[in-house]
Amino acid sequence: MNAQSCAPDQKLGPAGSHILPPEIDILSPGDLIDVSISDDDVISGKYEISQDGMLRLMHVPPVIAKGRSVDAVEAAVRKVLIDGGLYNIVPLVSIRVMDFAPARVFVAGAVFEPGSVTVGAIASTSIDRLRQETIGGRTSERRLARALQSAGGVRPDADLSRVAVVRGGHKNVYDMRPVITGHAYPDPLLLEGDQIEIPSRDCFQEELMVPSAVSPPGVKVFMSNLSVPASSNAQAAISKDTVELRYGTRFLQAVFSLNCVGGARLTNSNRSAVLFTRNPITGQSIVIERNLEQLLRRGDRDDFDPYLMPGDALACYDSSVINITDLATKIGIIGALGVIM
């Protein structure tokens, strides 16, 4: 994968030079809103956008709300009130978002876990009642970056310059490369049913192997530790099934976490470790074995010290000296020599 040439991407200008569009509150099914109409206590009140995307006010025809801005819905409400003969002059209509509902969206392409994800869900213990009472919309969790991370995070071959959001047959494309460098990046509010597509550049991009708002939250790796002096995973403080490492961790760093490095040089100099991984593009399984003493001492170790991917498995193998010693102990040779001595 490292040897493959990358498909071309868009030219990125100077860092921070791009202009982000202004934030607009776009309504989605389940959103809670507060509708205030001048001198009308009957129609005014708190409403929820229905699952078909309509705003159903009291005594007036429904208004399309899904995918529309608050200003557009206000204008539609004013029109329906006039057309219905309820007002002779244009009334004052004010709509404020009280709470944004979770949205189920679909993510496809260069992510580790493509499929449907729900973004914007908030546990009852985390709801900020004071913010809701002041009619403040909660938008930080229902955004594009959160959806990509919820889908397992972007793969190292992802083309962040062409992240697309398809809504109602229309496609908007966003350049999210600044998210990797810590600069401002487009992060639009998502709606129920949005389709997110992120293409692949068909190559490994080392610059994407860093923690970010669109990267995997961590790398869960299956580890098997059978080495001495760590005689068991429990004594080595390693989880029975998996251990979570920082995204961007390399093979050698994980081997240290496996407690596979160190000890007496005589017995441990030939110790090795094996990585079981999978090419994220082709799905092909790969087995990589490294002699740890050579890996520690080579100055060009980065060239053959691969990054870990989610779901990888590591195994540590003892040197032949330890294996012979262990065998001798089991058959009683070393014990007998100890008695004689």
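Residues numbered from 1 in each chain as written. Predicted model: local features only at pLDDT ≥ 70, side-chain atom pairs only at ≥ 80, totals over all residues. Heavy atoms only, no water.

Re the overall build of the protein
The helix and strand tally for the protein stands at 9 helices and 15 strands. When the 341 residues of the protein are sorted by exposure, 41% land in the buried category. Split by element, the accessible area of the protein, about 18,300 Å² in all, is 54% carbon and sulfur. (Helix = DSSP H or I, 4+ residues; strand = E, 2+ residues; numbered from the N terminus. Buried < 20%, exposed > 50% of the residue type's maximum accessible area, 1.4 Å probe, protein only. Areas by Shrake-Rupley, 256 points an atom, 1.4 Å probe, with all protein chains shown as cover.)

Considerations on the sheet that holds strand S5 (residues 93-99)
Pairing is antiparallel in the open sheet, where 3 strands are placed in the order S2-S1-S5. Each edge of the open sheet carries a strand with a single partner, namely strand S2 (40-48) and S5. Averaged over all pairs of adjacent strands, the angle between strand axes in this sheet comes to 15°, irrespective of strand direction. Across the sheet, helix H1 (residues 70-83) is in contact with strand S1 (32-37), S2 and S5; its angle to S5 comes to roughly 135°. (Pairing = 2+ DSSP bridges. Axes fitted to C-alpha atoms, helices over the stretch in contact; angles between N-to-C directions. Contact = heavy atoms within 4.5 Å.)

With respect to the packing of aromatic side chains
Two descriptors summarise a pair of aromatic rings, namely the distance from one centre to the other and the angle between the planes of the rings. Scanning all chains against the criterion turns up 1 aromatic pair. Geometrically, the ring pair formed by Phe204 and Tyr307 is stacked, given 5.9 Å between the ring centres and 25° between the ring planes. With Phe204 in the loop between strand S10 (195-198) and strand S11 (219-225) and Tyr307 in the loop between helix H7 (292-297) and strand S15 (313-317), this residue pair connects regions lying 103 residues apart in the sequence. The pair formed by Phe204 and Tyr307 is uniform in burial state, with each residue classed as buried. Sitting over the ring of Tyr307, Arg250 keeps its end group 4.1 Å from the ring centre. (Phe/Tyr/Trp six-rings, centres within 6.5 Å; stacked < 30°, edge-to-face > 60°. Lys NZ or Arg CZ within 6 Å of the ring centre and 35° of its normal.)

Details of the sheet that holds strand S9 (residues 170-174)
With mixed pairing, 5 strands are arranged side by side in an open sheet as S7-S6-S10-S8-S9. Of all strands in the sheet, those bounded by a partner on one side alone are strand S7 (115-119) and S9. If you compare each strand with its neighbour and ignore which way they point, the axes differ by 25° on average. Direction of pairing for strand S8 (residues 163-167) relative to S10: antiparallel, over a ladder of 3 bridges.

Structural notes on unusual backbone geometry
Notably, His59 is not glycine yet its phi reads approximately 70°, a positive angle. Note that His59 resides in the loop between strand S3 (54-55) and strand S4 (63-64). A positive phi is found at Asp202, a non-glycine position, where the angle reads about 60°. Among the secondary structure elements, Asp202 is positioned in the loop between S10 and S11.

Quick notes on the nonpolar core
Core analysis: the biggest nonpolar cluster contains 26 residues, and Leu144, Leu148 and Ile196 have the highest contact counts within it. Secondary structure elements with two or more residues in this core: strand S6 (103-109), S7, helix H3 (144-150), S8, helix H4 (178-181) and S10. Residue contributions to this core peak at 4 residues, all from H3. Setting aside residues up to four positions removed in sequence, Leu144 forms contacts with Val163, Val165, Tyr174, Met176, Asp187, Pro188, Leu190 and Ile196. (Core = buried A, V, L, I, M, F, W, Y, C linked by side-chain atoms within 4.5 Å.)

Considerations on H1
The end-to-end C-alpha distance of H1 is 20 Å, a good match for the 20 Å that 14 residues give at a rise of 1.5 Å each. Where H1 is concerned, the buried positions are Val70, Val73, Glu74, Ala76, Val77, Val80 and Leu81. In an axial view of H1, the angular spread of the buried residues amounts to 165°, which keeps them on one side of the axis. Turned more than 90 degrees away from the buried face of H1, the exposed residues are Asp71, Lys79 and Asp83. (Expected span 1.5 Å × (residues − 1). Arc of directions from axis to C-beta.)

Side note on the environment of Ala151
By secondary structure assignment, the location of Ala151 is in the loop between H3 and S8. As a C-alpha pair, Ala151 and Ser116 span 35 residues in sequence and 7.8 Å in three-dimensional space. Here Ala151 is in contact with Val107, Val111, Phe112, Glu113, Pro114 and Val117, once residues within four sequence places are set aside.

Digging into the confidence of the model for the protein
Here the protein averages 78 in pLDDT, while 72% of its residues score no lower than 70. Per-element confidence in the protein ranges from a low mean pLDDT of 45 for helix H9 (residues 333-340) to a high of 96 for S10. Low pLDDT (under 50) marks residues 12-19, which in the prediction has 7 contacts with non-local residues, meaning those over four places away or in another chain. Below pLDDT 50 for its whole length, residues 321-325 participates in 8 contacts with residues either more than four positions away or in separate chains. (pLDDT = per-residue confidence, 0-100.)

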